[in-house]
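Survey of secondary and tertiary structure
Residue strings, one per chain:
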Amino acid sequence: MEYLLPTLSEKREVDSLIRDTIDKVLVLRFGRSSDAVCLQFDDVLYKSARDVSRFATVALVDVDSEEIQVYVKYFDITFMPSTVFFFNAHHMKMDSGSADHTKWVGTFQRKQDFIDVVEAIYRGAMKGKLIVSCPLPPERIPKFQLLYKDV
């Protein structure tokens, strides 16, 4: 699906997209185009992109690119796919019941789940919030264990 959604592989492309996306949620999927889970998630993103186009922009970020490693380290992207949300150049966070509110780790089970999450972020951002609650029931939120090194 990477040929259907914009794919960013340079830091300046990501920077300008974050800076230039105004009054819309920017959805950045960090992952690999060769990963089967990322491809499945890309399919959900592609099918949803038109439905959320009034209030969101979706782009893919190639984590294998050398220039993108700045973002990979900054957002601590270790699991693929990971999705980061922005609104008017502000990093939007979501409380989904996990210890990490900075990104969505994993894929969405259904297209409507993705639309609901992006809409919740948009509505919260329009009210001035920087963190919103996840609208999905706990059984549809991917679970993962956080492992901390040298703590």
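Now for a description of the structure that goes with this document. (Residues numbered from 1 in each chain as written. Predicted model: local features only at pLDDT ≥ 70, side-chain atom pairs only at ≥ 80, totals over all residues. Heavy atoms only, no water.)

Let us now look at the pairing of strand β5 (residues 90-95). The sheet contact formed by strand β4 (residues 82-87) and β5 spans three bridges and is antiparallel. For F86, the partnering residue across the bridge sits in β5 and is H91. Of the pairings in the sheet, the one linking β5 to strand β7 (residues 131-133) comprises three bridges and is parallel in character. Residue pairing for β7: M94 is matched across the bridge by V132. (Pairing = 2+ DSSP bridges. Helix = DSSP H or I, 4+ residues; strand = E, 2+ residues; numbered from the N terminus.)

With that out of the way, let us pick up the pattern of salt bridges. For the structure shown, the criterion picks out nine salt bridges. K111 is the salt-bridge partner of D51, the closest N and O atoms lying 2.8 Å from each other. Pair noted here: D51 is in the loop between α2 (36-49) and β3 (56-62) and K111 is in helix α4 (residues 111-126), with a separation of 60 residues, a long-range link. A residue is classified by how much of its surface remains accessible, and D51, at 41% relative accessible area, is partly exposed. Residues D113 and R110 are paired through a salt bridge, measuring 3.7 Å at the closest nitrogen-oxygen approach. (Salt bridge = Lys/Arg side-chain N within 4 Å of Asp/Glu carboxyl O. Buried < 20%, exposed > 50% of the residue type's maximum accessible area, 1.4 Å probe, protein only.)

Quick look at the state of the cysteines now. One pass over the full model with this rule turns up zero disulfides. Cysteine C38 shares no disulfide, and the gap to the nearest cysteine sulfur, in C134, comes to 19 Å. C38 sits in the buried class, given a relative accessible area of 0%. (Disulfide = S-S within 2.5 Å.)

Along the chain, T21 turns up in the loop between α1 (11-20) and β2 (25-31). Assessed through its relative accessible area of 8%, T21 is described here as buried. One polar contact links the side chain of T21 to the main-chain carbonyl oxygen of L17, over a distance of 2.6 Å. With sequence-adjacent residues up to four places away left out, T21 is seen in contact with L26, T57, N88 and A89. (Polar contact = N/O pair within 3.5 Å; in protein donor to acceptor, adjacent residues only side chain to side chain. Contact = heavy atoms within 4.5 Å.)

The next thing to look at is the packing of aromatic side chains. One pass over the structure, following the stated rule, counts nine aromatic pairs. When the centroid spacing of 6.3 Å and the interplanar angle of 10° are considered together, the rings of Y71 and F75 count as stacked. Of the two residues, Y71 and F75, neither departs from the other in class, the shared state being buried. Taking the centre distance of 4.5 Å and the plane angle of 10° together, the rings of W104 and F108 count as stacked. Judged by relative accessible area, which is 3%, W104 ranks as buried. Judged by its relative accessible area of 1%, F108 falls in the buried class. Ring pairing ties together the aromatic residues F30, Y71, Y74, F75 and F86, which thus form one cluster. (Phe/Tyr/Trp six-rings, centres within 6.5 Å; stacked < 30°, edge-to-face > 60°.)

We now examine the pairing of β4. For β4, a buried count of six out of six residues is recorded, marking the element as mostly surrounded by other parts of the structure. In this sheet, β4 lies alongside β2 in antiparallel orientation, the contact comprising six bridges. What sits directly across from R29, in β4, is T83. As paired strands, β4 and strand β6 (residues 104-105) are joined by two bridges and run antiparallel to one another. The residue of β6 that forms the bridge with S82 is V105. If you look at the hairpin formed by β4 and β5, you'll find two residues sitting between the two strands, and N88 has a positive phi there, around 50°.

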